[in-house]
Amino acid sequence: KTIGIDAGGTLTKVAYLNDQNEFQFKAFPSKDLSMVKEWIESFPEIEEIGITGGRTEQLLSKLKINKPIDYVVEFDATIKGVKYLLKKEGHNIQKSIITNVGTGTSIHYMDNEKHVRVGGTGIGGGTLTGLATIITGLSDFKEITEIAKQGKREFIDLFVKDIFEGMEPPIEGHLTASNFGKVNLLNNTSYKIPDLLATIQALVGEVITTLSIQYADMKNSETIIYIGSTLANNEHLKEVIANYTILKKHTPVFLKDCGFSGAIGALLNK
Ligand code: ATP
Ligand code: MG
C-alpha cells in the first residue's frame, strides 16, 4: 500500500486507498507528530510513502522508517490533488485561481498543465482560530465554526449603508466598509460570542476573497477554487466567500475533501 502525507503547519493529513480503491482520509494535529508516527507504525502493509508540506522534515526525523519515501514540492502536490478532486466531483475546469486556506493562505494560478503561485496572505485558518481564542476564549475549531453560524455581524462590522445613511451609496450598501468598524462608533461594551465569531470569520473570509478576486481579474480567470481545512465543515465561512466571489462576478468552487488535496497529490505522485 502507498500512502500520501501532507505535513502542514497545523494539521498533518494522510490519504490512502482502501481495498475498493476509494480514498480514505485522516488528519492529526501537527503539534503532536507522535500520533502520526503511531498511526503509520500500526500499518505494516504500508510499502511506500509520498510526502509533502512544510513540516516534512520534522515528521521524517521522528519516523525513522526504512520504507521508500518520496518528497513532493507542496504546490505541485496540491495542484495534482485539486485536479484529481475536480475530475472526481465532475467539474471540467482547466484554468482557475486556486486559493488554499491553510494555516496561512496561498494563492495559485492553474492553466492546463502549468501552474504558478501568484501570492498569498498570512490571514488564514490560524488567524481565524487565533483571533477567536484571544477574543472569546474558545479554541476548538469545530466549536468556533458551529457557534459562528448563529452569529450576526451587524453590531460589530460597519457596512457601506451605515455610513451613507439616507443617501444613495456609491457602491453596494451591504458591502463591508470596515470590519469591526462599528465598535468605536457605538457605545456597546459587550458583545455576544456568536456575533464575535461570525465577525472574525467574515474578516478572514473577505480578506482572502478580495485578494483571490484581484488575482482572478489579473489572470482573466472566471473561477476561483477554494480549498484547505479551514473550509472543512465550515459552511459559514464558505457562504461569506461564495457571496463575495459571486458579487464580484467570479464563480466560487468548493471541493468536498478540500483539506486533503496535498495528501492526495503526494500519493498520486508515487
Ligand atoms: P499550511 O498549509 O499553511 O502549512 P495546514 O496545511 O496545516 O497549514 P490546513 O490543514 O489546510 O493547513 O488548515 C488548517 C486550518 O484548518 C486551521 O488553522 C483551522 O482553522 C482549520 N481546522 C480544521 N479542522 C481543524 C482541527 N481539527 N484542528 C485544528 N484546526 C482545524
Ligand atoms: Mg497545507
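Residues numbered from 1 in each chain as written. Chains lettered and ligands numbered in written order. Predicted model: local features only at pLDDT ≥ 70, side-chain atom pairs only at ≥ 80, totals over all residues. Heavy atoms only, no water.

Asker: Describe the overall build of the protein chain, naming the residues involved and giving the relevant values.
Answerer: Along the backbone of the protein chain there are nine helices and 12 strands. In terms of C-alpha radius of gyration, the protein chain reaches 20 Å, essentially the compact-globule figure of 18 Å for 270 residues. The principal-axis extents of the C-alpha atoms in the protein chain amount to approximately 70 × 40 × 30 Å. Look at the contacts in the protein chain between residues 6 or more apart in sequence, and 61% of them connect residues 24 or more apart. (Helix = DSSP H or I, 4+ residues; strand = E, 2+ residues; numbered from the N terminus. Rg over C-alpha atoms; globule rule 2.2 N^0.38 Å. Contact = heavy atoms within 4.5 Å.)

Asker: Kindly report on the pattern of salt bridges, identifying the contributing residues and their values.
Answerer: A complete count under the given rule lists 10 salt bridges for this structure. The partner of Lys 1 in a salt bridge is Asp 19, with the nearest N and O atoms 3.6 Å apart. Taken together, the residues Lys 1 in the segment before β1 (2-7) and Asp 19 in the loop between β2 (11-17) and β3 (23-29) connect sequence positions 18 residues apart. In this structure Lys 1 comes out as partly exposed when scored by relative accessible area, which is 28%. The class for Asp 19 is exposed, based on a relative accessible area of 71%. (Salt bridge = Lys/Arg side-chain N within 4 Å of Asp/Glu carboxyl O. Buried < 20%, exposed > 50% of the residue type's maximum accessible area, 1.4 Å probe, protein only.)

Asker: Break down the domain arrangement of the protein chain for me, with residues and values.
Answerer: If you check the domain split of the protein chain, you get domain 1 (2-89 + 260-268) and domain 2 (121-254). Summarising the inter-unit geometry, the C-alpha centres of domain 1 and domain 2 are found 31 Å apart. Across the boundary between the two partners, domain 1 contributes seven residues, which contact five residues of domain 2. Buried surface at the junction of domain 1 and domain 2, summed over both partners, amounts to about 350 Å²; 74% is from carbon and sulfur atoms. In terms of surface lost to domain 2, no three residues of domain 1 exceed Leu 11, Val 82 and Leu 86, which account for 58% of the buried area on that side. The interface formed by domain 1 and domain 2 holds zero salt bridges in total. Contributing elements (two or more residues each) for the side of domain 1 that touches domain 2: β2 and α3 (74-88). (Domains from an automatic or database assignment. Buried area = accessible area lost by both parts, 1.4 Å probe.)

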